[in-house]
Amino acid sequence: MTHIDAGAELDPVHPVPVPVPAADGGLTTAEVAERVARGAVNDVPVRSSRSLAEIVRANVFTRFNAIIGVLWLVMLFVAPFQDSLFGYVIIANTGIGIIQEWRAKKTLDSLAVIGEAKPTVRRDGEALEVSTSEIVLDDLIEIGPGDKAVVDGVCVEADGLEIDESLLTGEADPVVKRPGDPIMSGSFVVAGGGAFQATKVGREAYAAQLAEEASRFTLVHSELRTGISTILKYVTWMMIPAAIGLVITQLVVKSHDLKESIARTVGGIVPMVPEGLVLLTSVAFAIGVIRLGRKQCLVQELPAIEGLARIDTVCLDKTGTLTEGGMDVTELHALGGSDETYVRKVLGALGESDPRPNASLQAIIDAYPDAEEWRCTESLPFSSARKYSGASFSEGNGESSTWLLGAPDVLLGADDPALAETERLNEQGLRVLLLARATGDLDDPEVARGASAAALVVLEQRLRPDAADTLRYFAEQDVRAKVISGDNAVSVGAVAGKLGLKGTTIDARQLPSDPGEMANALDEGTVFGRVTPQQKRDMVGALQSHGHTVAMTGDGVNDVLALKDADIGVSMGSGSEATRAVAQIVLLNNSFATLPDVVAEGRRVIGNITRVATLFLVKTVYSVLLALLVVCWQVEYPFLPRHLTLLSTLTIGVPAFFLALAPNTERAQPHFVRRVMRYSIPGGVVAGVATFVTYLIARHYYTGKDSLDAETSVATLTLFLISMWVLAIIARPYTWWRVILVASMGAGFLLVLAVPWLQDFFALKLVGVTMPWIAVGISVVAAAALEVTWKWVDRRVPA
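Because the structure is a prediction, the values reported are computed rather than measured.

(A) Structural context of empty space enclosed by the protein. If you walk through the whole model with that rule in mind, you get four cavities of 30 Å³ or more. Quantified by volume, the largest cavity comes out at close to 50 Å³. Around the largest cavity, the lining residues are Leu615, Val618, Lys619, Tyr622, Thr651, Ile652, Ser723 and Val726. Listed by contribution, the elements that provide at least two residues to the lining of the largest cavity are α21 (595-633), α22 (641-660) and α24 (707-730). For the lining of the largest cavity, the element with the highest residue contribution is α21, accounting for four residues. Here the residues of the lining of the largest cavity sort into five nonpolar, two polar and one charged.

Written out as structure tokens, the structure reads:
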């Protein structure tokens, strides 16, 4: 056996032929063991998520955890235990985040193993399926349509082998491979079959070098995460001057007891940090991954949950999405006086000539047995670009013949009478293939010219039982469905009609090439037939150019380019390895009906995070405003850390957790930062001003030694009541559990005011009757101002 030097360099764009190793039975068991021992194994880690260490690091070592951690350590030394409670809350929150993300990681990892493709290698003369990590240097790897090259190698066997290298080079046209040609990892087979010998494995492989840093569990491209990061950046800049002014005011201007001054300074800084917002976003996404994992849906990139929630157009490939993979031959129409018995022999021989039959050819194989005396001398694998396959035979009686099997409207002239029969069958939703006898050689690009029709093979496709309900769901959610298929347009339209999808049917060969004109045609049409792989890609781009957020579903190699360019690519688990590799979401159960669950999960996450982000940021705004007002008026900060820990827990922390996980079907809207801040800023200003007014009135009302504690208590009451009203607005529309949630938070505060030891613990005791009722009155006015302001914002401030 001839081996290739593993150190030989291959230019990925302009490959140079290398010596061809002998095609044989592959490595022996001893040779595999020797390579494993010296580490010549494809050891690139296939990770679906971050490691445990990375999860802990990402959740613990954050900017705001550092700020709060320092303040917590200070409070542990200078103040009572209850003023350092906020630190324990942060520890608990961080722990919850780590646990949830770890659970999500385990879900992703287990699903990734289920969905992992297993390449076929030849060892000891036998074909074996192994995991990608078990491939060793010099392994002989068999490939066919839809298979992805997982390592670099050199072609040793080729049977009409065509490989698409667009994911690596950007060149969309398939490349014909012959023995001696290099094959790059990351490319995939679009037609034919063959075998190649591994020359570079592991991190030396070309695709591995391109994707070494890739980690699927990422929020890098999430508008939600980007928006939150933007908000936190602004918050940091607001915090710095407010905190400095607060420190100076409390420690220098008011020469109080040092420990009390530090406690009130920290009490002013801590609530400025919306630390729970980042945590809650991570937890919501992690729980989304776990929920979808239970439905056998692998989310390969976390932002895909969010992205699919934002789509307004979903492009569906008919085969494998609306229909099941299998087909059945229902009729055979002999044409031009052809002998039906002879035609059956031809079809049986054609089926035997392709070692990797597609669904259509498999149905023919099942219906017609192989004519054993026929011998295939040359074959032309099916290609979705040319729409037909072919083979040449020695028929056993000395005769030779060449046959083509494919789309009638491609193989026949426009005036051929057989097309009328084809049209009639297509209108019934049936798939029709033409068997034609060719006069030229298969390697002739014009082999179809002059071919004589011999028979029409009628196939019935199996509709997915859940497809109609899924299409109805998308219609109800205002998501437009576009069926894009390589099959005959009339046939595809009939299938779509059976599933209740109404709209114009268009033959893609009539679509304009100009992107703008194509986009207009796509807006008007619903079903598109005879679409080439490149056209699918162009159609996705044209829809995006009109501002649409596009999801593309598919399972075949002809869908890969479109899946890659779509905003969200969705692949079936039984689809080709190439489609699973480029898709962000893989439906491992092959059920199109899982898509509504993914959309719903995304909408739940985005809608709820947008909702609860307002809670967190109202607190940040009123905290910064209170700090600035305290500095300007040169007074003591009204709160200790324990007061704001209590308020944050009851009006933000606990309710936000439940609200973030609640059902939410509203379609995700863009401009997250603007949508959140247009409510948070006026809400925070109203809360901050009302609380400070109450505090100033209380400073004039109360006198004596313990007056500061009384002033703090009524200010806390005011801020709690206003925060509760913010929560009550955010919780709308009300359901039974939302009412119970809001009511129980109010009951929690009343419990603190009613139980003596809780009063002492939180330093909350309302003194007299007049001032508490004034606080309630100010809170009522502030609540009314909130209602009016937010309704005005809804009408006048665009999202």
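(B) A look at a negative patch on the surface. Together, Glu378, Asp441, Asp443 and Asp444 make up a negatively charged patch on the protein surface. When you line up the elements, Glu378 lands in strand β11 (residues 375-383). For Glu378, a relative accessible area of 33% gives the class partly exposed.

(C) Here's a closer look at the side chain of Arg611. In this structure, Arg611 sits in helix α21. Arg611 sits in the buried class, given a relative accessible area of 19%. A polar contact of 2.3 Å, which involves the side chain of Arg611, links it to the backbone oxygen of Ile730. The contacts of Arg611, once residues within four sequence positions are left out, are Asn664, Ile730, Ala731, Arg732, Pro733 and Arg738.

(D) Representation of the packing of helix α17 (residues 515-524) against helix α18 (residues 533-545) in the model. Across the interface, α17 lies against α18 with an axial gap of 8 Å and an inter-helix angle of 85°. Between α17 and α18, the interaxial angle falls into the category roughly perpendicular. On the side of α17, the interface is formed by Pro515, Met518, Ala519, Leu522 and Asp523, while α18 contributes Asp538, Met539, Ala542, Leu543 and Ser545. Tallied by class, the residues present in the contact of α17 with α18 amount to seven nonpolar, one polar and two charged.

(E) Focus on the packing of aromatic side chains. The final tally for this structure, using the stated rule, is 15 aromatic pairs. Centroid distance Tyr637 to Phe639: 6.0 Å. Interplanar angle 75°. Geometry classified as edge-to-face. Comparing Tyr637 with Phe639 shows no difference in burial state: the two are buried. Put simply, the rings of Trp72, Phe81, Tyr88, Phe761 and Phe762 pair up and form one aromatic cluster.

(F) Local environment of the nonpolar core. Counting 135 residues, the largest nonpolar core has Leu308, Ile585 and Phe592 as its most contacted members. It is α21 that provides the largest number of residues to this core, a total of 18 residues. The residues touching Ile585, leaving out its near neighbours within four places in the chain, are Cys297, Leu298, Ala304, Leu308, Ile568, Gly569, Val570, Ser571 and Val598. With 25 residues, the next largest nonpolar core counts Met518, Ala519, Phe528 and Met552 among its residues.

(G) Representation of the sheet that holds strand β21 (residues 585-587) in the model. An order of β8-β21-β20-β19-β9-β16-β18-β17 is seen for the eight strands of this open sheet, with the pairing classed as mixed. Every other strand in the sheet has two partners, leaving β8 (297-299) and β17 (504-507) as the edge strands with one partner each. Neighbour-to-neighbour, the strand axes of this sheet turn through a mean angle of 20°, independent of strand direction. Pairing geometry for β17 and strand β18 (residues 525-529), over four bridges, is parallel. Across the sheet, the residue bridging to Thr505 is Val527, located in β18. Lying over the sheet, helix α10 (residues 303-310) contacts β8, β19 (550-554), β20 (568-572) and β21, oriented at roughly 105° with respect to β20.

(H) Seen up close, the confidence of the model for the protein chain. Here the protein chain averages 83 in pLDDT, while 91% of its residues score no lower than 70. The secondary structure element of the protein chain with the lowest average pLDDT is helix α6 (residues 206-210), at 60, and the one with the highest is helix α25 (residues 736-754), at 95. Overall, residues 1-23 carries pLDDT values under 50, and its contacts beyond four positions in sequence, including any with other chains, amount to 52 contacts.

(I) Molecular detail of helix α15 (residues 467-476). Along α15, the residues that are buried comprise Ala467, Ala468, Thr470, Leu471, Tyr473 and Phe474. Looking at the buried side of α15, the elements it contacts are β9 (313-316), β16 (480-484) and α21. Phi for Asp478, located one or two positions after α15, is positive at around 65°.

(J) Quick peek at the pattern of salt bridges. What the rule picks out here adds up to 27 salt bridges. One salt bridge in this structure joins Arg122 and Glu157, with 2.8 Å as the shortest N-O distance. Pair noted here: Arg122 is in strand β1 (residues 120-123) and Glu157 is in strand β4 (residues 152-164), with a separation of 35 residues, a long-range link. Overall, the relative accessible area of 13% leaves Arg122 in the buried class. Arg732 is the salt-bridge partner of Glu787, the closest N and O atoms lying 2.7 Å from each other. Taken as a pair, Glu787 in helix α27 (residues 770-796) and Arg732 in the loop between α24 and α25 lie far apart in primary sequence, 55 residues in all. Taking the relative accessible area as the measure of exposure, Glu787 reaches 16% and is therefore buried. Take Arg732: its relative accessible area is 32%, and that puts it in the partly exposed class. Each member of the salt-bridge network shares a partner with another, and the members are Glu34, Arg35, Arg38 and Asp138.

(K) View of α18. Compared with an ideal rise of 1.5 Å per residue, which puts 13 residues at 18 Å, α18 spans 19 Å between its outermost C-alpha atoms and is within 8% of the ideal. Those residues of α18 not exposed but buried are Pro533, Gln535, Lys536, Arg537, Met539, Val540, Ala542 and Leu543. Looking at the packing, one finds that the buried side of α18 touches β9, β16, α17, β18, β19 and α19 (560-565). Gly547, located one to two residues past α18, shows a positive phi value of around 85°.

(L) Highlighting a nonpolar patch on the surface. On the surface, a cluster of nonpolar side chains totalling about 780 Å² of accessible area is made up of Trp237, Ile240, Ile244, Val247, Ile248, Leu251, Val252 and Leu258. Among the elements that take part in the nonpolar patch, helix α7 (residues 223-253) stands out by supplying seven residues, more than any other. Tracing the chain through its elements places Trp237 in helix α7.

(M) Spatial organisation of unusual backbone geometry. Residues Arg732 and Pro733 are joined by a peptide bond in cis, for which omega reads -5°. Inspection of the secondary structure assignment puts Pro733 in the loop between α24 and α25. The backbone of Asp124 sits at a positive phi, close to 55°, despite the residue not being glycine. Accessibility expressed as a relative area gives 45% for Asp124, which makes it partly exposed. In this structure, Asp138 is a non-glycine residue whose phi angle is positive, near 80°. Tracing the chain through its elements places Asp138 in the loop between β2 (126-129) and β3 (140-143).

What counts, and where the lines are drawn
By convention here, each chain's residues receive numbers from 1 onward along its written sequence. Whole-chain, interface and lining totals are the exception, using all residues; otherwise, since this is a predicted model, local features are given only for residues with pLDDT of at least 70 and side-chain atom pairs are given and counted only at 80 or more. With hydrogens and water excluded, all non-hydrogen atoms of the structure serve as input to the side-chain values. Definitions used throughout: a 1 Å grid over protein atoms alone; a cavity as a set of points that fits a 1.4 Å probe which cannot get out; a pocket as an open set with protein on both sides within 12 Å along at least five of seven lines; a lining residue as one with an atom within 4 Å of a point. Grid points are joined across faces, edges and corners, and a volume is the space filled by probe spheres set on the points. Comment: elements are numbered from the N terminus, with helices defined as DSSP H or I runs of at least four residues and strands as E runs of at least two. Put simply, Ala, Val, Leu, Ile, Met, Phe, Trp, Tyr, Cys and Pro go in the nonpolar bin, Asp, Glu, Lys and Arg in the charged bin, and everything else, Gly too, in the polar bin. Distance thresholds for patches are 9 Å for like charges and 5 Å for nonpolar side chains (Val, Leu, Ile, Met, Phe, Trp, Tyr), applied to residues having over 30% relative accessible area and no salt bridge. Here, Shrake-Rupley sampling with a 1.4 Å probe gives the accessible areas, and only protein chains in the shown set may cover a residue. We define a salt bridge as a contact between a side-chain nitrogen of Lys or Arg and a carboxyl oxygen of Asp or Glu at a distance within 4 Å. The positive count covers Lys and Arg only, the negative count covers Asp and Glu only, and His and the chain ends enter neither. Here the site of a charge means NZ on Lys, CZ on Arg, CG on Asp, or CD on Glu. To sort residues, take the accessible area from a 1.4 Å probe on protein chains only and compare it with the maximum for the residue type: under 20% means buried, over 50% means exposed, and anything in between is partly exposed. Here a polar contact is taken to be a pair of N or O atoms separated by no more than 3.5 Å, where protein atoms must pair a possible hydrogen donor with a possible acceptor and residues adjacent in sequence count only if both atoms sit in side chains. Any two residues whose heavy atoms approach within 4.5 Å are treated as being in contact. Interaxial angles span 0 to 180 degrees and are taken between N-to-C directions of axes, which are lines fitted to C-alpha atoms, for helices over the stretch in contact. Roughly parallel refers to an angle under 35 degrees, roughly antiparallel to one over 145, roughly perpendicular to one between 65 and 115, and oblique to any angle outside these ranges. Only the six-membered ring of Trp is used, alongside the rings of Phe and Tyr, when aromatic pairs are assigned; centres must lie within 6.5 Å, and planes under 30 degrees apart are stacked while those over 60 apart are edge-to-face, with the rest tilted. Only buried residues count toward a nonpolar core, which is a set of Ala, Val, Leu, Ile, Met, Phe, Trp, Tyr and Cys residues joined through side-chain atoms within 4.5 Å. Strands are labelled as partners when DSSP assigns at least two bridges between them. Every residue is assigned a pLDDT by the predictor, reflecting its confidence on a scale from 0 to 100. A helix is expected to span 1.5 Å multiplied by its residue count minus one.

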